[in-house]
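Structural characterization, general
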Amino acid sequence: MRLVFVGPPGAGKGTQAKVITEKWKIPQISTGDMLREAKANGTLPQDLIEKMKAGGLVPDEVVIDLIRARTEKDDAKGGFLLDGFPRTVPQAEALTKLLDSRGQKLDIVVALDVPKELLMERACLRRTDKRTGQIYHLKYKPPPPDAILEHRADDHEDVVRNRVDVYEKMTADLLPFYEKAGLLKRIDGVGDVEAVTQRVVRALEQVRG
Ligand code: ADP
Ligand code: ADP
């Protein structure tokens, strides 16, 4: 199973990706996580740190190179879930080319639909446990008292608003691109986590049985 999760910031991609990758036993590949890791390791150039802090996208070549290297690893040979990549049509085209060169193709692109008002609340109250990477929400999924919480630098209201705007501009082209390819499945991302998971699982079972 090779699939992509598309959706605005805070839509629930990371949360759903964790459940799906456990069920299908494939790695979750998140360009956002890889970039944050590079920042933590001190290997992310300063101009890219600034881009992320402001909620803009990093250049296509940067994320394409990350994806090329990561999908070559052994654990990704049998499939993978891409979370937050591709985000632009050039990234999507590069992915198609990369998979073609390996005789592979995508099975499905899942787009999580969540209205703007909800995104603000989901992203701004998101917290992650530094040690486990577990995603919490101060209102919908309260962390345990012993969690060591991190609040992402870009999960503040003005930056989230900018990220949502950036997302809307870039998906204007991306979703029709995958619709034309017959790969797009739009899923309602409103409701509790389990209800959304059920919708995603149903869509994946339709393509792979
Ligand atoms: P994304 O990866 O798309 O940015 P996350 O999966 O990190 O989104 O979710 C954003 C925030 O919303 C997190 O705090 C998460 O706990 C919470 N969340 C995710 N899905 C739901 C849901 N269905 N209902 C309520 N809160 C959710
Ligand atoms: P979210 O889960 O909230 O949608 P991500 O963790 O996927 O956010 O991404 C965080 C930031 O990392 C983005 O705002 C952007 O700066 C950068 N980034 C991640 N993936 C990509 C990508 N495919 N193309 C360009 N920039 C990216």
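Above this text is the structure in question.
From a predicted model like this one, the values you see are computed outputs, not experimental measurements. (Residues numbered from 1 in each chain as written. Chains lettered and ligands numbered in written order. Predicted model: local features only at pLDDT ≥ 70, side-chain atom pairs only at ≥ 80, totals over all residues. Heavy atoms only, no water.)

1. Structural notes on the overall build of the chain
This is how it is decided: Helix and strand assignments come from DSSP, with helices taken as H or I runs of at least 4 residues and strands as E runs of at least 2, each series counted from the N terminus. Only C-alpha atoms enter the radius of gyration, while the globule expectation follows 2.2 Å times N to the 0.38, with N the number of residues. What makes two residues a contact is simply this: any of their non-hydrogen atoms within 4.5 Å. Computed by Shrake-Rupley with a 1.4 Å probe, the accessible areas treat only the displayed protein chains as cover when residues are assessed. His residues and chain termini do not enter the charge count, which takes Lys and Arg as positive and Asp and Glu as negative. Taken as the charge centre is NZ of Lys, CZ of Arg, CG of Asp or CD of Glu, depending on the residue.
In terms of regular secondary structure, the chain is built from eight helices and eight strands. Rg of the C-alpha trace for the chain: 16 Å, near the compact-globule value of 17 Å for 209 residues, within the 12% margin. Residue pairs in contact within the chain that sit at least 24 positions apart in sequence constitute 69% of those at least 6 positions apart. Accessible surface computed for the chain: about 10,900 Å², of which carbon and sulfur atoms make up 51%. For the chain, the separation between the mean place of its 35 positive charges and that of its 33 negative charges on side chains is 2 Å.

2. What about the sheet that holds strand β2 (residues 28-30)?
Short version of the rule: One bridge is not enough; two strands pair if DSSP finds at least two bridges between them. Axis lines are fitted through C-alpha atoms, for helices just across the contact stretch, and the angle between N-to-C directions can take any value from 0 to 180 degrees.
Strand order across the open sheet formed by five strands is β2-β3-β1-β4-β8, with parallel pairing between neighbours. Each edge of the open sheet carries a strand with a single partner, namely β2 and β8 (184-188). Between one strand and the next, the sheet's axes are offset by a mean angle of 25 degrees, whatever the strand orientation. Lying over the sheet, helix α2 (residues 31-41) contacts β2 and β3 (80-83), oriented at roughly 65 degrees with respect to β2.

3. Describing the environment of Phe-177
Cut-off, in case you're wondering: Only protein chains enter the accessibility calculation, which uses a 1.4 Å probe. A residue is then buried if its area is under 20% of the maximum for its type, exposed if over 50%, and partly exposed in between.
On the secondary structure map, Phe-177 appears in helix α7 (residues 157-180). By relative accessible area, which is 24% here, Phe-177 ends up partly exposed. A sequence separation of 85 residues divides Phe-177 from Ala-92, and the C-alpha atoms of the two residues are 8.3 Å apart. Dropping the residues within four chain positions of it, Phe-177 is found in contact with Val-89, Ala-92, Glu-93 and Thr-96.

4. A closer look at helix α5 (residues 89-101)
Stated formally: Helix span, expected: 1.5 Å multiplied by one less than the number of residues in the helix.
Across its 13 residues, α5 extends 18 Å between first and last C-alpha, which sits within 8% of the 18 Å expected from 1.5 Å per residue. On its buried face, α5 is in contact with β1 (2-6), α4 (60-71), β3 and α7. Once α5 ends, the next one or two residues include Gly-103, with phi positive near 70 degrees.

5. Remarks on the packing of aromatic side chains
Counted only if it meets this: When the centres of two rings from Phe, Tyr and Trp lie within 6.5 Å, Trp using its six-membered ring, the rings pair. Their planes under 30 degrees apart give stacked, over 60 give edge-to-face, and anything left gives tilted. When the NZ atom of lysine or the CZ atom of arginine is within 6 Å of a ring's centre and also within 35 degrees of its normal, the charge is said to sit over that ring.
Following the criterion strictly, the structure yields one aromatic pair and no others. When the ring of Phe-177 is compared with that of Tyr-178, the centres are 5.1 Å apart and the planes differ by 80 degrees; the resulting orientation is edge-to-face. Directly above the ring of Trp-24 sits Lys-23, whose terminal nitrogen or CZ lies 5.4 Å from the centroid.

6. Here we look at the site of ligand 1
Here is the rule: Any residue with a heavy atom lying within 4 Å of a molecule or strand is counted as near it. Two N or O atoms count as a polar contact when they lie within 3.5 Å, although within protein this holds only if one can serve as hydrogen donor and the other as acceptor, and sequence-adjacent residues are included solely when both atoms are side-chain atoms. We call Asp, Glu, Lys and Arg charged. Ala, Val, Leu, Ile, Met, Phe, Trp, Tyr, Cys and Pro are nonpolar, and the rest, Gly among them, are polar.
As a matter of local geometry, ligand 1 sits amid 17 residues, with Lys-13, Thr-15, Arg-126, Tyr-136 and Gly-191 nearest to it. The separation between an oxygen atom of ligand 1 and a polar main-chain atom of Tyr-136 is 2.7 Å. Burial of ligand 1 by the protein chains amounts to 93% of its free accessible area of 570 Å². By residue class, the composition of the shell around ligand 1 is seven nonpolar, six polar and four charged.

7. As for the side chain of Asp-154
Summarising the element assignment, Asp-154 is placed in the loop between β7 (149-150) and α7. With near-sequence residues (within four places) excluded, Asp-154 lies in contact with Met-52, Lys-53, Val-159, Val-160 and Arg-163.

8. Focus on the site of ligand 2
Lining the immediate surroundings of ligand 2 are 19 residues, of which Lys-13, Thr-31, Arg-36, Gly-56 and Arg-163 lie closest. Interatomic distance of 2.9 Å between a side-chain N/O atom of Arg-36 and an oxygen atom of ligand 2. One of the backbone N or O atoms of Val-58 is found 3.2 Å from a nitrogen atom in ligand 2. Notes on ligand 2: free accessible area 560 Å², of which the protein chains cover 97%.

9. Observations regarding α4
Helix length check: α4, at 12 residues, gives a terminal C-alpha distance of 16 Å against a target of 16 Å (1.5 Å per residue), a fit within 8%. Buried residues along α4 sit against β2, α2, β3 and α5.

10. Regarding the pattern of salt bridges
Our working definition: A pair is scored as a salt bridge if a Lys or Arg side-chain nitrogen falls within 4 Å of a carboxyl oxygen belonging to Asp or Glu.
Taken as a whole, this structure holds 17 salt bridges when the rule is applied. Put simply, Asp-74 and Lys-77 hold a salt bridge, and the shortest N to O gap is 3.2 Å. Taking the relative accessible area as the measure of exposure, Asp-74 reaches 66% and is therefore exposed. Taken together, the shared-partner salt bridges connect Arg-126, Arg-152, Asp-154, Asp-155 and Arg-163 into one network.

What is shown is where atoms sit, not what they do.
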